[in-house]
Amino acid sequence: MALIEELNQQGNFLFRWRSYIPGVILFLSLLYLPFVPYFQGNYMSNLYWLTGAFVVSLAGLFVRCFTIGYTPKNTSGRNTKQQVADVVNQSGIYSLVRHPLYVGNFLMYLGPVLILRDFAFALVYIMFFYLYYERIIFAEEYFLRGKFKDAYLKWADKTPAFIPRLSGYLKPNLDFSFRNIWKREYPSLFGTIVVFTVFDLIQIYYQEPNLRSVDIVGIWKPFHTWFFGFGLVFYVVTRLIVKTTKLLEVEGR
């Protein structure tokens, strides 16, 4: 098999599993986390650091939301079985970068990695992400080039693949749709909340053995209830709305 075909085959395989394989990074981070002391040796300072990492993940979610808020149906989707594209998105954030959703993913996973405060581990994450998504991007662009030919090539020639350019923004062709974001990104928000709640609890468990020796529930603080509780209620309510109503359906999205 020619290398170009092999890379395309690998990319399509990873494309189908792209929502799960990065979980390897989260799993490795969890294994490492018990050995990471509190930032500056105390819980409040560590909580500030964790909040900063959470903001990085939220920035990634914002990039995803901004992208999805303007995109039409059958583009920028969560499909896993095969490549799908009715048009080549070239306006909005797609006028600055060809793969904004993957930029968002990079930042979302970078947040938990930053909690570890380990430069070497961060480099491993960056290399893993690069090698993993490089093949997915190759397969996607192989498909788009074959389907849209010169129209795709002209856009790709002037638009970077991953690091956004800072000029040349084109107004999106569609209006912004909050309902489309709500329908498609509520799992991402809940997943981010779950990850950061678990990471914080694990650090408390290993850094403050006096709390767990009295009662395992002692590591659960009031703000965990509000933080995780909001995420859970938001997820369940949205799930019910999506599955039982058409409230979040938007024509053409």
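Residues numbered from 1 in each chain as written. Predicted model: local features only at pLDDT ≥ 70, side-chain atom pairs only at ≥ 80, totals over all residues. Heavy atoms only, no water.

Peer 1: Outline the overall build of the protein chain, listing residues and values.
Peer 2: Helix and strand content of the protein chain: 9 helices and 0 strands. For the protein chain, the α and β elements follow one another from N to C terminus as α-α-α-α-α-α-α-α-α. Based on the C-alpha atoms only, the size of the protein chain along its principal axes is roughly 65 × 45 × 35 Å. Burial analysis of the protein chain (253 residues in total) assigns 42% to the buried set. The long-range share in the protein chain, meaning contacts at least 24 apart out of those at least 6 apart in sequence, stands at 82%. In the structure as shown, the protein chain presents an accessible area of about 14100 Å², 67% of it carried by carbon and sulfur atoms. Measuring between centres, the 25 positive side-chain charges of the protein chain sit 5 Å from its 16 negative side-chain charges. (Helix = DSSP H or I, 4+ residues; strand = E, 2+ residues; numbered from the N terminus. Buried < 20%, exposed > 50% of the residue type's maximum accessible area, 1.4 Å probe, protein only. Contact = heavy atoms within 4.5 Å. Areas by Shrake-Rupley, 256 points an atom, 1.4 Å probe, with all protein chains shown as cover. Lys, Arg positive; Asp, Glu negative; His and termini not counted. Charge placed at Lys NZ, Arg CZ, Asp CG, Glu CD.)

Peer 1: So what's going on with the packing of aromatic side chains? Residues and values would help.
Peer 2: All told, the structure shown has 26 aromatic pairs when counted by the stated rule. Centroid distance Tyr38 to Tyr43: 5.6 Å. Interplanar angle 65 degrees. Geometry classified as edge-to-face. A ring pair is formed by Phe190 and Phe228, whose centres lie 6.2 Å apart and whose planes are at 45 degrees; its orientation type is tilted. Linking Phe190 in helix H7 (residues 178-207) with Phe228 in helix H9 (residues 222-244), this pair joins segments that are 38 residues apart in sequence. Taking relative accessible area as the criterion, Phe228 reaches 25% and is therefore assigned partly exposed. Each residue in the set Tyr102, Phe106, Tyr125, Phe128, Phe129, Tyr132, Tyr133 and Phe162 is aromatic and connected to the rest through ring pairs, giving one cluster. (Phe/Tyr/Trp six-rings, centres within 6.5 Å; stacked < 30°, edge-to-face > 60°.)

Peer 1: I'd like a description of the pattern of salt bridges, backed by residues and values.
Peer 2: Applying the stated criterion across every chain yields a total of 4 salt bridges. Measuring nitrogen to oxygen at the nearest pair gives 2.8 Å for the salt bridge that ties Arg98 to Glu141. Taken together, the positions of Arg98 in the loop between helix H3 (43-68) and helix H4 (100-115) and Glu141 in helix H5 (residues 119-148) put the pair 43 residues apart, joining distant regions of the chain. (Salt bridge = Lys/Arg side-chain N within 4 Å of Asp/Glu carboxyl O.)

Peer 1: Break down a nonpolar patch on the surface for me, with residues and values.
Peer 2: A contiguous nonpolar patch, built from Val24, Phe27, Leu28 and Leu31 and spanning about 360 Å² of accessible area, is present on the exposed surface. Its place among the elements puts Leu28 in helix H2 (residues 23-32). Leu28 sits in the partly exposed class, given a relative accessible area of 37%. (Patch = residues over 30% accessible without salt bridge, like charges linked within 9 Å, V, L, I, M, F, W, Y side chains within 5 Å.)

Peer 1: Please set out the side chain of Ser188 residue by residue, giving values where relevant.
Peer 2: Looking at where Ser188 falls in the secondary structure, it is placed in helix H7. Within the structure, Ser188 has its side chain in polar contact with the side chain of Glu185 (distance 3.0 Å). (Polar contact = N/O pair within 3.5 Å; in protein donor to acceptor, adjacent residues only side chain to side chain.)

Peer 1: Would you mind going over H3 in detail, with residue names and values included?
Peer 2: For H3, built from 26 residues, the straight-helix expectation of 38 Å at 1.5 Å per residue is met to within 8% by its first-to-last C-alpha distance of 37 Å. Capping the start of H3, Asn42 holds a side-chain oxygen 3.3 Å from the backbone nitrogen of Met44, two or three residues further along. (Expected span 1.5 Å × (residues − 1).)

Peer 1: So what's going on with the packing of H2 against H5? Which residues, and what values?
Peer 2: The N-to-C vectors of H2 and H5 enclose an angle of 170 degrees; their axes lie 11 Å apart at closest approach. The angle between H2 and H5 places the two elements in the roughly antiparallel class. Judged by residue contacts, Ile25, Leu28, Ser29 and Tyr32 of H2 engage Phe121, Tyr125 and Phe128 from H5. When the residues that make up the contact of H2 with H5 are grouped by side-chain class, the tally is 6 nonpolar, 1 polar and no charged. (Axes fitted to C-alpha atoms, helices over the stretch in contact; angles between N-to-C directions. Parallel < 35°, antiparallel > 145°, perpendicular 65-115°, else oblique. Nonpolar A, V, L, I, M, F, W, Y, C, P; charged D, E, K, R; others polar.)

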